[in-house]
Structures are given as C-alpha cells and as structure tokens.
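Here is what each chain is made of, one letter per residue.
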Amino acid sequence: MNIWLMKSEPDVYSFDDLKKADKRTSMWEGVRNYQARNFMRDDMCKGDVVLFYHSNCKEPGIVGLAEISSSKAYPDPTQFDKKSNYFDPKSDPENPRWLVVDVRYRKAVKRPVTLKEIKAHPELGKMKVAQRGMRLSIQPVDKAHYDIIQKEFWG
DNA sequence: GCCAACGTTGGC
DNA sequence: GCCAACGTTGGC
C-alpha cells in the first residue's frame, strides 16, 4: 500500500467538499503535471492512503485522510471540455494526455497538521511538502512520516 | 499582492 | 538540444 499527499486549494475543492460529495467520492480532476500524472498512472492503487492537503490558503496543511477508490487511473474528462479551466486543446481523444483517479473521503484530522508544524518537526520536516520550492501536487509519503502523523494527529 | 522556484514552450 | 521567456504554484 502506498501513501500519498494530494494538494488542493480549498477555494477550488476543499476536504469538506469531498465529504459532501456523492458517495463521498470525487474524480481528482485537473492534474496538468506529468510527474503527478505518472504517479496516478503507474503507482496508485485502490486503497492507497491519501493525506488531503490544503494549499494556497490562510493555513496550509494536512486536513484529512482519504483513499484512492478507483482501481486505476482513467482519462480526465475536463481536458476535452472547452468550458473547463482544465481544457487542453493539445490532448488527443484517441490518446488522452491527462488522467484522474477517484478519491474517497475517510476522516478528518482532530486538528490540521499545519505546514508550519511539519517544517518545525524534526522528522516531518523531511517530507517533500516541507521542502522549498516543492510544487508537485501529488507526492509520495514515507510510511515513517505517515506513522508519526497518525500517532500524533489522529491519535 | 509579492515574488522565488519551478515546469513548459518555442526560437534558434 | 540549448536556453530565454513565459506562465503557474503556493508560501508568506
């Protein structure tokens, strides 16, 4: 089982939005970065754990736990939707460039694990998300880091 | 709102 | 294939 950190801007799609979604599940649409796409395509498995991270907001940090609920990645419909912000005219419908997975809500944290705390923590500070200039929106998480978060924040 | 860091694009 | 210019991300 893999563990992932997935970023979302709460103004665009928050952890609460996922909770309120039909079946508490949503397509993770709009990924337009090849490295992140490749994680979805090559490495994600149904049941993988997801740390849901709020970015570009007042208090960035991990706000909840989710899981991958599709058995594999599949084409992102928004790439072909001219009205979508995620429309990509260069993507060929015969060979779609961008993929999604389904993500299902699991539970909220007792309190958010803020980026500030992550950076200040001797171990968690080593997480990718804490590193300077780290913009990747889907990141693998070490089990050791997940265990710490689980112990200290889900208790 | 600022701006550093990064990924992508496109001319050459 | 190089690299400058550009657009985006995302913390602050």
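Computed from a prediction, not measured in an experiment: that's the story for all the values here.

## Concerning the environment of Leu115
Thought 1: Summarising the element assignment, Leu115 is placed in helix 3 (residues 115–120).
Thought 2: The class of Leu115 is buried, set by a relative accessible area of 17%.
Thought 3: Beyond its immediate sequence surroundings of up to four residues, Leu115 is in contact with Tyr53, Pro60, Gly61, Val129 and Ala130.

## Structural notes on the protein's contact with DNA strand C
Thought 1: Around DNA strand C sit Lys7, Tyr53, Ser55, Asn56, Pro60, Leu115, Lys119 and Arg135, and those are all the residues in its vicinity.
Thought 2: Measuring from a phosphate oxygen of DNA strand C, one finds a side-chain N or O atom of Tyr53 at 2.8 Å.
Thought 3: The side chain of Lys119 places a nitrogen or oxygen atom 2.9 Å from a phosphate oxygen of DNA strand C.
Thought 4: Classifying every residue of the surface near DNA strand C by side-chain character gives three nonpolar, two polar and three charged.

## Considerations on the pairing of strand 7 (residues 102–114)
Thought 1: Bridge count between strand 2 (residues 25–27) and strand 7: three bridges; the pairing is antiparallel. Considered in strand 7, the bridge of Met27 is made with Asp102.

## Observations concerning the protein's contact with DNA strand B
Thought 1: Looking at DNA strand B, the residues that line it are Tyr34, Lys90, Arg132, Gly133 and Arg135.
Thought 2: The contact atoms of DNA strand B, taken as those within 4 Å of the protein, divide so that sugar and phosphate hold 74%.
Thought 3: At 3.3 Å from a phosphate oxygen of DNA strand B is found a side-chain nitrogen or oxygen belonging to Lys90.
Thought 4: At 2.5 Å, a side-chain N or O of Arg135 approaches a base oxygen of DNA strand B.
Thought 5: Considering only residue class, the surface near DNA strand B consists of one nonpolar, one polar and three charged.

## Thoughts on the sheet that holds strand 7
Thought 1: Strand order in the open sheet made by the six strands is 2-7-4-3-1-8, with mixed pairing throughout. Bordering the open sheet on either side are strand 2 and strand 8 (138–140), each of which pairs with just one other strand. Recorded for the sheet is a direction-independent mean angle of 35 degrees between the axes of neighbouring strands.
Thought 2: As judged from the seven bridges shared by strand 4 (residues 61–68) and strand 7, these two strands associate in the antiparallel manner. Pairing of Ile68 across the sheet is with Val103, part of strand 7.

## Concerning the environment of Arg37
Thought 1: With respect to the helices and strands, Arg37 occurs in helix 2 (residues 34–43).
Thought 2: In sequence terms Arg37 and Leu99 are 62 residues apart; their C-alpha atoms lie 6.4 Å from each other.
Thought 3: With sequence-adjacent residues up to four places away left out, Arg37 is seen in contact with Val31, Arg97, Trp98 and Leu99.
Thought 4: Of the polar contacts made by the side chain of Arg37, one reaches the side chain of Asn38; its length is 2.9 Å.
Thought 5: Looking at Arg37, its side chain comes within polar contact range of the main-chain oxygen of Arg97, at 3.1 Å.

Rules behind the numbers
Residue indices begin from 1 for each chain and proceed along its sequence in written order. Each chain gets a letter, beginning with A, and each ligand a number, beginning with 1, in the order they are written. Totals for whole chains, interfaces and linings use every residue, but because this is a predicted model, local features are given only for residues with pLDDT of at least 70 and side-chain atom pairs only at 80 or more, for both listing and counting. Derived side-chain values reflect all non-hydrogen atoms in the structure, with water molecules and hydrogen atoms excluded from consideration. Per the convention used, a helix needs a DSSP run of H or I reaching at least four residues, while a strand needs a run of E reaching at least two, with both numbered from the N terminus. Categorising residues by exposure relies on relative accessible area from a 1.4 Å probe, with only protein chains included: less than 20% of the type maximum marks a residue as buried, more than 50% marks it as exposed, and the intermediate range marks it as partly exposed. The contact criterion used is simple: two residues touch if any of their non-hydrogen atoms lie within 4.5 Å. Any residue with at least one heavy atom within 4 Å of a molecule or strand is counted as near it. Residues adjacent in sequence count toward polar contacts only when both atoms are side-chain atoms; beyond that, a polar contact is any pair of N or O atoms within 3.5 Å, and within protein one must be able to donate a hydrogen and the other to accept it. Under the grouping applied here, Gly and all other residues not named as nonpolar or charged are polar, the nonpolar ones being Ala, Val, Leu, Ile, Met, Phe, Trp, Tyr, Cys and Pro and the charged ones Asp, Glu, Lys and Arg. A pair of strands is treated as paired once DSSP finds two or more bridges between them. Structural elements are reduced to axes, namely lines fitted to C-alpha atoms, with helices fitted over the stretch in contact, and the angle between N-to-C directions of any two is expressed from 0 to 180 degrees.

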